[in-house]
Amino acid sequence: MRQKNQYGVLVSFLIFIVCCVLLAAGAMQNPQTVSQQENRLLQSKPIFSAESYLSGAYFRQWESYISDHILHRDKLLQLSAQIEQGMGCSFGNAAQIIETSADIGVSEDKDGAESAPQAREQLLVLEDRLLELYTHDTQQCAAYAAVLNGYARWLPEQIEFYHMLIPMAVAFSEETYQQVSDDQQQAIAEVYQQLDERIGTVDVYHALEQHQTEDIYFRTDHHWTALGAYYGAEAFAEQAGWTLPALESYEMYTMDSYLGQLALNHLTPQLQQHPESLTYYLRPGHNQKSTMYFYENGQTKSFTAPMINIDFNQKKADYGIFISGDYPYTVIEGEAKNGRVLAVVKDSYGNALIPWLTTGYERILAIDPRTCQENLQQLLTQYQVTDFLLLDYVKVTMTAAYGQQLKALLDAAG
Amino acid sequence: MVFSNLIFLGIFLPIVLGSYYLVYAVCKNVSVLNVILLAASLFFYAWGEPVWVVVLAATALLDYWNGRCIAVYKGTWKAKAALFTSIFIDLGILFCFKYLVFAVESINQCLSLALPVPSLTLPIGISFYTFQSLSYLLDLYWGKVAVQTKYSNYLLYLSMFPQLVAGPIVRYSDIAAQLQQRVLTLHGFCYGAGRFMCGLGKKVILANYAGEAAVLLLDGNMDQLSVAGAWLGILLYAFQIYFDFSGYSDMAIGLGRMFGFMYQENFRYPYLSCSITEFWRRWHISLGFFFRDYVYIPLGGNRRFQLRNIMVVWALTGLWHGASWNFVCWGLYYGCLLLLEKTWLLSFFRRHTGWGWCWTAVAVLIGWSVFYYTDLSQWLQFFCTLLGLAPDSSWLDLRTRSVLQQYALLLPVLALASTPVPAQLMTRLQKRQRLFSAVQAAGVLLLGVLCLILLVGQSYNPFLYFRF
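All values derive from a computational prediction rather than experimental measurement. Residue numbers here run from 1 along each chain, matching the order of that chain's written sequence. Here chains are named by letter from A upward and ligands by number from 1 upward, in the order in which they appear as written. Confidence filtering applies because this is a predicted model: local features only for residues at pLDDT of at least 70, side-chain atom pairs given and counted only at 80 or more, and all residues used for totals across whole chains, interfaces and linings.

Draft legend 1. The overall build of chain A, seen in detail. Of regular secondary structure, chain A possesses 14 helices and 15 strands. A residue is called partly exposed when the number of other C-beta atoms within 10 Å of its own lies between 12 and 20, exposed at 12 or fewer, and buried at 20 or more, with C-beta atoms placed from the backbone. Counting all 414 residues of chain A, 44% fall into the buried class. Residue pairs are scored as contacts if the distance between their C-beta atoms, which are placed from the backbone, is within 7 Å. Partitioning the intrachain contacts of chain A with sequence separation of at least 6 by distance along the chain shows that 72% fall at a separation of at least 24. Put simply, DSSP marks the helices as runs of H or I at least four residues long and the strands as runs of E at least two long, and each gets a number from the N terminus on.

Here is the structure:
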């Protein structure tokens, strides 16, 4: 009798174990490399080496690999998010702070390399928008400034060097929300103070602050809008000694039903009910040609598209319409015939900014330090670069990861 | 490898359980079963510590050999020499890996020196297996246990994967007989499976989310923390550490039962305690027993120098948890509270259990705050906020309201699950056999499905006690 009563538990446990076996076995067969839902590369299959074995990395990579390649992972993630939602309830104004893995964008890593441990970040989820919260880390700010100073020492004297550190949306939100985030203005000033004096810093914080009541940031995405980028470009042009045409000289176009990466990544159902519009600006007849370079099977390949590429996501609103998104490097033909060539080492904030800069330069070379495998020295020489802009949004000073990628690009330049 | 990981649940455990029971079905030979368990345990350890598995094997060899010497030269100086050699080397290894960096840094700081700070990673579970090995040698020296004559059995005792990396600290006397002979039953397996699933649920459902919520409050900018946020944050951390550690102990006890071993309980609802004295009889019981039997009593117990003995034991208890001054303070803090209770408060709390519970709850929460903040200045700032003394701190802020909203349903579940109510409900159900079986089976399945789904959404989340 006693034994009979145990069969239920036994069967339940065995079903559980069989499910685990199937999920783990399925992971071996799952060839996915990117999680669109989380906007990150999945762990690639570990490659055995004495070094990786002795450091324990080989086994850790296997754990990540299995966990990243579970069958039906996307559906399970959604279910998991729904269960997590069920742990709470809303009392009136539903402002929530959630913690999640920090995302510095999809970046290629070498086969078998260990995915960098993801830092944690906090988001403020409101009824109709998502705000990334800033955590001020003096050490990381100093490390980031040190990398920039490395660029200043390395860059040939004749090339003008500018730097722009762009604040996150929460800096210009309501007072209550600003209080749960650290002071970005202070952090930006801290970085700027530590920079080599040859670096021309762009005061983009004040430029945006003057227009904080306008739609300078997306509600569902972490990026600035094309309008926010315009004010940034204005500040940069002033520092670089040229004048940006007035906003009125551009034609405005709007794409509806835009849902940004933050809302998509963080599975917040209420935000997915509040899509916004994505606006872009063009001077009549000046959708400049851009050439995107990328790597495939060990070869560098390229394709061309207009700098505002509305076909990027089958005519669906997507931040990727700006210079076709993040590519290792992109060459954009400018409108000016002044012999000035601007190299922009940038994160994705640069994508919305670069189209505004085409009136000031004959050519723009956009470089993404997260993916570019070229020799920076050779690129600058090949394109006869006269001006150099390094721009990031302030979140890069929260973790070491992005600074390391910037440094790696510099180290590879020799 | 952690228990709440698909490699363990979907590959390692099924292979080990399958081969173990297959061999048991074929030959019922305990030696062969021990070989399977030993191979599995060494693989399990080498997965996390591919190099330091050698230290584990060497410690086992040294102590096994000295154990034999103690048995052979019983009552002579040679036995004592063998014992002290082992104690010296075992504690020396533990010191090098766990405390050397802390010691050098402290010396540099105190004497303004610049001695080179070694960079050593702490082998997982070293504190646990070192203490297990010492308990065997001391019990052997005192004649409480018989000598183990097979090295493989001794290595198995130290390395057994269910409790290797995060306890409980299993005494040799508790499983000596089971290493030689054990019976596997369906009842034992099912009890173990159920216990394992309970532990997994505690970890994946309760501890991880309590931790996620606690971090939101405790790891932010301290200037922005409100009084309510500080109390809620430390309460959530208290739940996290309890469910994390007791969840691991449940899984260890459950796995042990599946393989035919009976481990002692390590937790008995510590948050119901009505005094600090009682709390430490219910929290990490195996560690408390270790310090009582191998440090406190040999030092003289309550017969001589009780004050000194208590403070030594609690300073060591603190240090055992981590090589940092905050852990030492944490240990001494409990030493002082225990002395206070022994001298004045205990008899009062026995008569007024409500007051006792309140005192214990507040004292334990403050204790966890010392445990949480390794930086003492940060802790001081937190403590001021906790008492409402921090300048500019509000009583309730957006962050705290947000956490309360997000985890509104989790909080009562955490509170309820830390009491014996769920277990009592199951005991009542036992009278209705069929319903009881159905609830048990459904519970195991539901927990399993829930854990699997939630595990996908959770990033790598090791057990807190791994670092000890």
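Draft legend 2. Layout of the overall build of chain B. Looking only at helices and strands, chain B features 20 helices and 0 strands. We compute the radius of gyration over the C-alpha atoms and compare it with the globule rule, which gives 2.2 Å times the number of residues raised to the power 0.38. For 468 residues, the compact-globule formula gives about 23 Å, and the C-alpha radius of gyration of chain B, at 23 Å, lands near that figure. With the C-alpha coordinates aligned to their principal axes, the bounding extent of chain B is approximately 70 × 65 × 50 Å. Residues classed as buried in chain B amount to 48% of the 468 residues present. Across chain B, every contact between residues at least 6 apart in sequence was considered, and the portion connecting residues at least 24 apart equals 73%.

Draft legend 3. Quick peek at the interface of chain B and chain A. Of the residues lining the interface, 48 residues belong to chain B; the matching set on chain A comes to 52 residues. If you list the elements that add at least two residues to the side of chain B that touches chain A, you get α1 (6-26), α2 (30-48), α9 (186-218), α17 (398-406) and α20 (433-457) of chain B. Broken down by element, the side of chain B that touches chain A gets its largest block of residues, 13 residues, from α20 of chain B.

Draft legend 4. Structural view of the environment of leucine 338 of chain B. Residues and elements named next belong to chain B. As for its placement among the helices and strands, leucine 338 is situated in helix α14 (residues 325-351). Accessibility expressed as a C-beta count within 10 Å gives 21 for leucine 338, which makes it buried. Sequence-wise, leucine 338 and methionine 311 are 27 residues apart; in three dimensions their C-alpha atoms are separated by 9.5 Å. Look past the residues within four positions of leucine 338 in its chain and what remains in contact with it is Ile276, Thr277 and Ile310.

Draft legend 5. Fine view of the domain arrangement of chain B. Residues and elements named next belong to chain B. Domain start and stop points were drawn from an automatic or database domain assignment. One can read the domain layout of chain B as domain 1 (6-181) and domain 2 (188-467). Each of domain 1 and domain 2 was reduced to a C-alpha centroid, and the two centroids are 26 Å apart. If you look at the interface, domain 1 gives 26 residues, while domain 2 gives 25 residues. Those elements giving two or more residues to the side of domain 1 that touches domain 2 turn out to be α1, α4 (77-111), α5 (126-141), α7 (161-164) and α8 (172-180). Of the residues forming the side of domain 1 that touches domain 2, the biggest block, 5 residues, is contributed by α5. Its residues placed into classes, the side of domain 1 that touches domain 2 shows 19 nonpolar, 5 polar and 2 charged. Residues are grouped as follows: nonpolar covers Ala, Val, Leu, Ile, Met, Phe, Trp, Tyr, Cys and Pro; charged covers Asp, Glu, Lys and Arg; every other residue, Gly included, is treated as polar.

Draft legend 6. Structural context of the packing of helix α13 (residues 306-321) of chain B against α14 of chain B. Residue and element names in this part refer to chain B. For helices, the axis comes from a line fit to the C-alpha atoms of the stretch in contact; other axes are also lines fit to C-alpha atoms, and the angle between any two N-to-C directions lies between 0 and 180 degrees. Packing of α13 against α14 brings their axes to within 7 Å, and their N-to-C directions diverge by 145 degrees. Two packed elements cross with a definite hand, and for α13 against α14 that hand is right-handed. Residue-level inspection shows Leu307, Ile310, Met311, Trp314, Ala315, Thr317, Gly318, Leu319 and His321 of α13 in contact with α14, the latter providing Phe327, Val328, Trp330, Gly331, Leu332, Tyr334, Gly335, Leu338 and Leu339. Here the residues of the contact of α13 with α14 are counted per class, giving 13 nonpolar, 5 polar and no charged. In this scheme the crossing of two helices becomes right-handed for a clockwise turn of the near helix relative to the far one and left-handed for an anticlockwise turn of less than a right angle.

Draft legend 7. Highlighting the sheet that holds strand β7 (residues 199-202) of chain A. All names here are of chain A. Pairing is mixed across the open sheet formed by 8 strands, whose spatial order is β7-β6-β15-β13-β14-β12-β10-β11. Only two strands of the sheet have a single partner each, and these edge strands are β7 and β11 (299-306). Across this sheet, the average inter-strand angle for adjacent strands is 20 degrees, counted without regard to direction. Note on pairing: DSSP must find at least two bridges between two strands before they are called paired. Summarising the sheet, strand β10 (residues 289-296) and strand β12 (residues 329-333) pair through 4 bridges and their orientation is antiparallel. Within the sheet, the bridge partner assigned to serine 290 lies in β12 and is isoleucine 332.

Draft legend 8. Focus on helix α6 (residues 151-159) of chain B. Among all positions in α6 of chain B, only Tyr154, Leu155, Leu156, Tyr157, Leu158 and Ser159 of chain B are buried. In this structure, the buried side of α6 of chain B is in contact with α2, α3 (53-72), α5, α7 and α8 of chain B.

Draft legend 9. Here's a closer look at α8 of chain B. Residue and element names in this part refer to chain B. Buried within α8 we find Tyr172, Ile175 and Leu179. Considered in projection along α8, the buried side chains sweep an arc of 90 degrees and stay on one side of the axis. The inward-facing, buried residues of α8 contact α2, α5 and α6. Think of it as the arc spanned by the lines of direction from the helix axis to the C-beta atoms.

Draft legend 10. The arrangement of the nonpolar core in detail. We define a nonpolar core as a collection of buried residues of the types Ala, Val, Leu, Ile, Met, Phe, Trp, Tyr and Cys that are connected via C-beta atoms lying within 7 Å of each other. In terms of nonpolar packing, the biggest core is built from 241 residues, with Leu124 and Val344 of chain A together with Ala210 of chain B touching the most fellow members. Tallying contributions element by element places helix α10 (residues 227-258) of chain B first for this core, with 20 residues. When neighbours within four sequence positions are excluded, valine 344 of chain A is seen to be in contact with Gly350, Ile354, Ile364, Ala366, Ile367, Leu389 and Leu391 of chain A.

Draft legend 11. The pairing of strand β13 (residues 341-346) of chain A, seen in detail. Residues and elements named next belong to chain A. Of all 6 residues in β13, 6 are buried, a share of seventy percent or more. Covered by surrounding structure in β13 are Val341, Ala343 and Val345 together with Leu342, Val344 and Lys346, the residues of both alternating faces. As defined by bridge partners, β13 adjoins strand β15 (residues 387-393) across 5 bridges and the pair is classed as parallel. Among the inter-strand pairings, leucine 342 is bridged to a residue of β15, identified as aspartate 387.

Draft legend 12. Summary view of the packing of α9 of chain B against α10 of chain B. Residues and elements named next belong to chain B. Following both chains from N to C, one finds α9 and α10 inclined at 160 degrees, their axes separated by 7 Å at the closest point. By the angle between their axes, α9 is roughly antiparallel relative to α10. Along this stretch, α9 crosses α10, giving a crossing that reads as left-handed. Class assignment for the residues of the contact of α9 with α10 results in 23 nonpolar, 10 polar and 6 charged. Here the word oblique covers every angle except those under 35 degrees (roughly parallel), over 145 (roughly antiparallel) and from 65 to 115 (roughly perpendicular).

Draft legend 13. The environment of threonine 33 of chain A, seen in detail. Residue and element names in this part refer to chain A. Take threonine 33: it is sitting in the loop between α1 (2-29) and β1 (34-35). A tally of 12 C-beta atoms within 10 Å means that threonine 33 is categorised as exposed. Along the primary structure threonine 33 and aspartate 68 are separated by 35 residues, whereas in three dimensions their C-alpha atoms are 9.1 Å apart.

Draft legend 14. Structural view of the domain arrangement of chain A. Structurally, chain A comprises domain 1 (2-79) and domain 2 (134-413). Between the C-alpha centres of domain 1 of chain A and domain 2 of chain A there is a distance of 37 Å.

Draft legend 15. Structural view of unusual backbone geometry. At asparagine 297 of chain A, a position not held by glycine, the phi torsion is positive, near 50 degrees. Summarising the element assignment, asparagine 297 of chain A is placed in the loop between β10 and β11. Accessibility expressed as a C-beta count within 10 Å gives 5 for asparagine 297 of chain A, which makes it exposed. Phi is positive for phenylalanine 305 of chain B, close to 50 degrees, though the residue is something other than glycine. Turning to its location among the elements, phenylalanine 305 of chain B is positioned in the loop between α12 (285-299) and α13.

Draft legend 16. Spotlight on the environment of phenylalanine 84 of chain B. Assignment of secondary structure puts phenylalanine 84 of chain B in helix α4. Linking phenylalanine 84 of chain B and serine 275 of chain B, residues 191 residues apart in sequence, is a C-alpha distance of 37 Å.

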